[in-house]
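A closer look at the structure
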Amino acid sequence: MAEILASKPVVQAMGDDIRPRVERLKELGITPTLAIVRVGNRPDDLSYERTAIKRAESLGIATRVFELDEFVTEYELESQLHAINVDPSIHGCLLFRPLPTFMDEKKICDELAIEKDVDGISTAALGAVFTDSSEGFAPCTAEACIKMLDHYGIEIEGKHAVVVGRSLVIGKPVAMLLLKRNASVTICHSRTKDLHRMMRAADIVICATGRPHAYGPVHFSPGQTVLDVGINFDMNGNLCGDVDFDAVEPIVASITPVPGGIGSVTTSTTMEHTLRAAERVARQSGALQ
Ligand code: NDP
């Protein structure tokens with residue numbers, strides 16, 4: 001039986017760290033505040049928004065929702081981001097994506113100031129991840145993977161990690177974060193040959209492809225740690241990951257469930273980034289040592 005790498009204790013530990021730091025800032029007159037920018041009313045955005053607001057409230061972090069019409073122009077959205085960039089009462093900004101297809105998403109993401117880009121969506125923030133600079137914030141899901149490994153004491157240094165998926169949201173940044181922690185990293189994707197052999201050879205496997213239950217016993221071997229980043233729906237409409245959990249769990253050493261795995265840690269990571277952004281401002285003003 002594998003050890004189940006559940007989010008609950010990780011989220012709890014992160015909360016125990018975050019709450020007193022938030023309180024300390026509040027005593028200095030600074031309330032860490034996250035802006036949530038949503039275009040339209042997509043059900044998954046609304047659902048994540050509710051989760052994020054609830055998590056923020058439980059940690060003492062304030063949220064401000066900016067809801068824009070689905071037919072908003074690029075100019076109007078960019079103006080909203082500029083307003084957030086210069087608003088000293090806002091420390092972090094979460095922009096829900098994908099944006100409407102008529103928009104140049106990359107250009108819009110790049111309008112967000114690096115110090116408020118708490119989900120690492122801008123080229124500047126991603127560049128910081130790839131150059132080991134501490135200037136920006138890594139994409140929250142990528143960092144949540146590292147937090148999950150650290151919480152459960154799973155060693156990264158010297159291990160062979162296989163990342164399946166190469167998006168800028170997860171695959172590439174998590175590969176860089178693993179590399180920074182001295183893992184040897186292989187990145188796989190839809191054109192990888194003999195994917196199952198690559199995956200079986202790893203110590204740590206991170207699946208981030210958005211393919212429900214695509215990875216089964218043939219892809220895994222005993223002793224492995226498996227992080228399932230996928231958020232999908234199975235044929236019955238139930239939430240599921242990329243990994244066939246029931247079939248794989250008896251084989252590997254440890255595995256994250258879906259739901260109750262990486263997703264929840266991602267939300268707490270967004271809050272921690274918002275807090276760090278606020279602490280940075282407090283330090284710059286001399287209010288915080
Ligand atoms: P993308 O669609 O941007 O990327 C998917 C990646 O999977 C691509 O690199 C693609 O390869 C690769 N891929 C697709 N098919 C295969 C295949 N048959 N074999 C190997 N690799 C394949 O998705 P995201 O990275 O944005 O998201 C991935 C998953 O993570 C989704 O389920 C998403 O919902 C979930 N997610 C979870 C979050 C969380 O907090 N837990 C947050 C964000 C997303 P190629 O580049 O060659 O096309």
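Residues numbered from 1 in each chain as written. Predicted model: local features only at pLDDT ≥ 70, side-chain atom pairs only at ≥ 80, totals over all residues. Heavy atoms only, no water.

**Thoughts on the overall build of the protein**
Rule in force here: To qualify as a helix, a DSSP run of H or I must reach at least 4 residues; to qualify as a strand, a run of E must reach at least 2; elements of each kind are numbered from the N terminus. It is over C-alpha atoms that the radius of gyration is taken, and the globule rule equals 2.2 Å times the number of residues to the power 0.38. Think of it in three bands: with a 1.4 Å probe and only protein chains considered, a residue is buried below 20% of the maximum accessible area for its type, exposed above 50%, and partly exposed in between. We call two residues in contact whenever any of their non-hydrogen atoms come within 4.5 Å of each other.
When helices and strands are counted, the protein shows 10 helices and 11 strands. For a compact globule of 289 residues, the expected C-alpha radius of gyration is about 19 Å, and the protein comes in at 19 Å, within 12% of that figure. Oriented by its inertia axes, the alpha-carbon framework of the protein measures out at about 50 × 45 × 35 Å. Out of the 289 residues belonging to the protein, those deemed buried represent 51%. Long-range pairs, those at least 24 residues apart, make up 70% of the contacts in the protein with a sequence separation of at least 6.

**A word on the site of the ligand**
Going by this rule: By convention in this text, a residue qualifies as near a molecule or strand provided that one of its non-hydrogen atoms is within 4 Å of it. We define a polar contact as two N or O atoms separated by no more than 3.5 Å, with the added condition that, inside protein, one atom must be a possible hydrogen donor and the other a possible acceptor, whereas residues neighbouring each other in sequence contribute only through side-chain atom pairs. For the accessible areas, the method is Shrake-Rupley and the probe is 1.4 Å, while residue cover comes only from the protein chains on display. Any residue outside Ala, Val, Leu, Ile, Met, Phe, Trp, Tyr, Cys, Pro, Asp, Glu, Lys and Arg is labelled polar, Gly included; the first ten of those are nonpolar and the last four are charged.
Near the ligand lie 21 residues; those nearest to it are Arg 166, Ser 167, Ser 190, Gly 210 and Ile 231. Separating a nitrogen atom of the ligand from a backbone N or O atom of Val 229 is a distance of 3.3 Å. A distance of 3.1 Å separates an oxygen atom of the ligand from a polar side-chain atom of Thr 266. For the ligand, whose accessible area on its own is 930 Å², the fraction buried by protein is 69%. Element by element, the count of residues in the shell around the ligand is highest for helix H10 (residues 262-284), at 3 residues. For the shell around the ligand, the class distribution of residues is 8 nonpolar, 11 polar and 2 charged.

**Looking at the pairing of strand E7 (residues 204-207)**
Applied cut-off: Two strands pair under a simple rule: DSSP has to find at least two bridges between them.
Burial along E7 is two-sided: the residues Ile 204 and Ile 206 and Val 205 and Cys 207 are all buried. Summarising the sheet, strand E5 (residues 160-164) and E7 pair through 4 bridges and their orientation is parallel. Within the sheet, the bridge partner assigned to Val 164 lies in E7 and is Cys 207. Two strands pair when backbone bridges link them, and E7 and strand E8 (residues 225-228) are joined in this way by 4 bridges, in the parallel orientation. Of the residues in E8, the one forming a bridge with Val 205 is Val 226.

**Considerations on the packing of helix H6 (residues 140-151) against helix H7 (residues 171-180)**
The condition that has to hold: Angles run from 0 to 180 degrees between N-to-C directions of axes, and those axes are lines fitted to C-alpha atoms, restricted for helices to the stretch in contact. To sort the angles, those under 35 degrees are grouped as roughly parallel, those over 145 as roughly antiparallel, those from 65 to 115 as roughly perpendicular, and the leftovers as oblique. Two helices that cross are described as forming a left-handed crossing if the nearer one is turned anticlockwise from the farther one by less than a right angle, and a right-handed crossing if clockwise.
Across the interface, H6 lies against H7 with an axial gap of 8 Å and an inter-helix angle of 40°. With respect to their mutual orientation, H6 and H7 come out oblique. Here the hand of the crossing between H6 and H7 comes out right-handed. Contacts from Ala 142, Glu 143, Cys 145, Ile 146 and Leu 149 of H6 reach H7 at Pro 173, Val 174, Leu 177 and Leu 178. Residues belonging to the contact of H6 with H7 are distributed by class as follows: 8 nonpolar, no polar and 1 charged.

**Regarding the domain arrangement of the protein**
As a measure of interface size, the accessible area lost when the parts come together is often cited. Convention followed: Boundary definitions for the domains trace back to an automatic or database domain assignment.
Looking at the protein, the domain boundaries give domain 1 (29-114) and domain 2 (140-263). Each of domain 1 and domain 2 was reduced to a C-alpha centroid, and the two centroids are 28 Å apart.

**A closer look at the packing of helix H1 (residues 7-27) against helix H2 (residues 43-59)**
Here H1 crosses H2 at 55°, and the two axes come no closer than 9 Å. Taken together, the axes of H1 and H2 lie oblique to each other. Across the interface between the two elements, Val 11, Gly 15, Ile 18, Arg 19 and Val 22 from H1 touch Arg 55, Ser 58 and Leu 59 from H2. Of the residues contributing to the contact of H1 with H2, the split by class is 4 nonpolar, 2 polar and 2 charged.

**Quick notes on the environment of Ala 144**
Residue placement: Ala 144 occurs in helix H6. Taking the C-alpha atoms as reference points, Ala 144 and Ser 268, separated by 124 residues in sequence, lie 8.4 Å from one another. Apart from the residues within four sequence positions on either side, Ala 144 is in contact with Ile 262, Val 265, Thr 266 and Thr 269.

**Description of unusual backbone geometry**
Cis rather than trans, the peptide bond between Arg 97 and Pro 98 has omega equal to 5°. With respect to the secondary-structure elements, Pro 98 resides in the loop between strand E4 (92-95) and helix H4 (105-109). Cis geometry is adopted by the peptide bond preceding Pro 259, which originates at Val 258 and carries an omega value of 0°. With respect to the helices, strands and loops of the structure, Pro 259 is situated in the loop between strand E11 (254-255) and H10. Phi angles above zero are rare outside glycine, and Asn 182 is one such case at about 70°. Along the chain, the position of Asn 182 falls in the loop between H7 and strand E6 (184-188). Of note in this structure, Asp 194 is not a glycine but carries a positive phi near 50°. Relative to the assigned elements, Asp 194 resides in the loop between E6 and helix H8 (195-200).

**Here's the deal with the packing of aromatic side chains**
Going by this rule: Pairing of aromatic side chains here covers Phe, Tyr and the six-membered ring of Trp, requires ring centres within 6.5 Å, and sorts the geometry by plane angle: under 30 degrees stacked, over 60 edge-to-face, intermediate tilted.
The full count for this structure, using the stated rule, is 1 aromatic pair. Where Tyr 48 meets Phe 96, the ring centres are 6.0 Å apart and the plane angle is 70°; that geometry is what we call edge-to-face. Residue Tyr 48 is found in helix H2, and its partner Phe 96 is found in the loop between E4 and H4; the two are separated by 48 residues along the sequence.

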